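The residues making up each chain are set out below.
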Amino acid sequence: MAAPVLCRTTASLCRTLIRNSSRKQAIPASLANGLLVQSASYNPKPLKVNIRHPYIPDKDSEDTPEWQKTRRYDRKLFARYGSASGVEPASLWPSHEELDQLIEEENQWHPPLEVMLKNIAAKEREEAQARLAKEKLIAANMAKMPKMVADWRRDKRESKLKQKEEKARRAKLVAEAKERFGTAVDPRSPKFLEMVAEIEKEEKKKKKLMKRRLKEEQAAAEAAVSPPAASS
């Protein structure tokens, strides 16, 4: 029944197109006949739907696919054919394990109002504690700020002083090298570095002698201040 209706509709559409386009440009007869012949030769196959005798897979057969032996497929059969599917409605209910899993998922994704309120309160407490800890840390750091600024300024002054002393020492060494060698010496030359090593070695000896002398003078001063030992 569908084929004649489709043929009539297609033929009517072709006639309408030919009639409308003939006013502007004539369609060749061969093309029009081809369209009509092609539309007339279309013969779709009817759908095979058997409502009285539905297909019920045999679960005991090895040829039946495994997915047609599942409870999910039984639910589809019962939803489509009802009691004619031969499926027991009681077997479609979830098992105890499935019910427990469904309840667990329901509680996880859709908890009761009391649980939601408790979770919100706990989250607010955690946020308040975190905010309080952050405020305490900021207050402690602000209390340390004056000392930190003073230490930074002291370190900066000491760094500048060391740079100034190093610059003066460098200039003194350059002047001493010029006086010793009679000409300006490159500070990166081996001759200049050797001279610096000798000077540092001499300075270490002088410091060592000075330290020993200070110890001897301190020991002599302590011996002079201490009372003489009592005679027996």
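Calculation rules
Residues numbered from 1 in each chain as written. Predicted model: local features only at pLDDT ≥ 70, side-chain atom pairs only at ≥ 80, totals over all residues. Heavy atoms only, no water. Phe/Tyr/Trp six-rings, centres within 6.5 Å; stacked < 30°, edge-to-face > 60°. Buried < 20%, exposed > 50% of the residue type's maximum accessible area, 1.4 Å probe, protein only. Salt bridge = Lys/Arg side-chain N within 4 Å of Asp/Glu carboxyl O. Helix = DSSP H or I, 4+ residues; strand = E, 2+ residues; numbered from the N terminus. Patch = residues over 30% accessible without salt bridge, like charges linked within 9 Å, V, L, I, M, F, W, Y side chains within 5 Å. Areas by Shrake-Rupley, 256 points an atom, 1.4 Å probe, with all protein chains shown as cover. Lys, Arg positive; Asp, Glu negative; His and termini not counted. Charge placed at Lys NZ, Arg CZ, Asp CG, Glu CD. Arc of directions from axis to C-beta.

For this particular structure, what's the right way to read the packing of aromatic side chains?
Scanning all chains against the criterion turns up 1 aromatic pair. Summarising the aromatic geometry, the rings of Trp 67 and Tyr 73 are spaced 5.3 Å apart at their centres and angled 90° between planes, so their arrangement reads as edge-to-face. We classify Trp 67 as exposed; its relative accessible area is 53%.

Honestly, the pattern of salt bridges in this entry has me stumped. Any pointers?
Between side chains of opposite charge, pairing is possible as soon as their charged atoms come close. Counted under the stated rule, the structure contains 10 salt bridges. Taking the shortest distance from any N to any O, the salt bridge between Glu 98 and Arg 71 comes out at 3.2 Å. One end of the pair, Glu 98, is in helix H4 (residues 96-109); the other, Arg 71, is in helix H3 (residues 71-81), with 27 residues separating them in the sequence. Among the residues examined, Glu 98 registers a relative accessible area of 32% and is labelled partly exposed. The class for Arg 71 is partly exposed, based on a relative accessible area of 31%. Between Glu 158 and Arg 154 there is a salt bridge, and its shortest N-O distance comes to 3.9 Å. Placement of the pair is Glu 158 and Arg 154 together in helix H5 (residues 113-181), with a separation of 4 residues, close to one helical turn. A relative accessible area of 38% places Glu 158 in the partly exposed class. Bridged by salt links that share partners, the residues Lys 147, Asp 151, Arg 154, Asp 155 and Glu 158 form one connected network.

Got a minute to help me understand a negative patch on the surface in this structure?
On the surface, a cluster of negative charge is contributed by Glu 97, Asp 100, Glu 104 and Glu 105. Considering the arrangement of structural elements, one finds Glu 105 in helix H4.

Which parts of the structure should I look at to understand H3?
In an α-helix, one full turn covers 3.6 residues, which means residues spaced three or four apart are oriented alike. Turning to H3, its buried residues number three or more, namely Tyr 73, Asp 74 and Leu 77. Seen from one end, H3 has its buried residues packed into an arc of 105°, which puts them on one side. Exposed side of H3, more than 90 degrees from the buried face: Arg 72 and Ala 79 are the residues found there. One or two residues past the end of H3 sits Gly 82, with phi positive at roughly 70°.

Distances and angles like these do not, on their own, reveal function.
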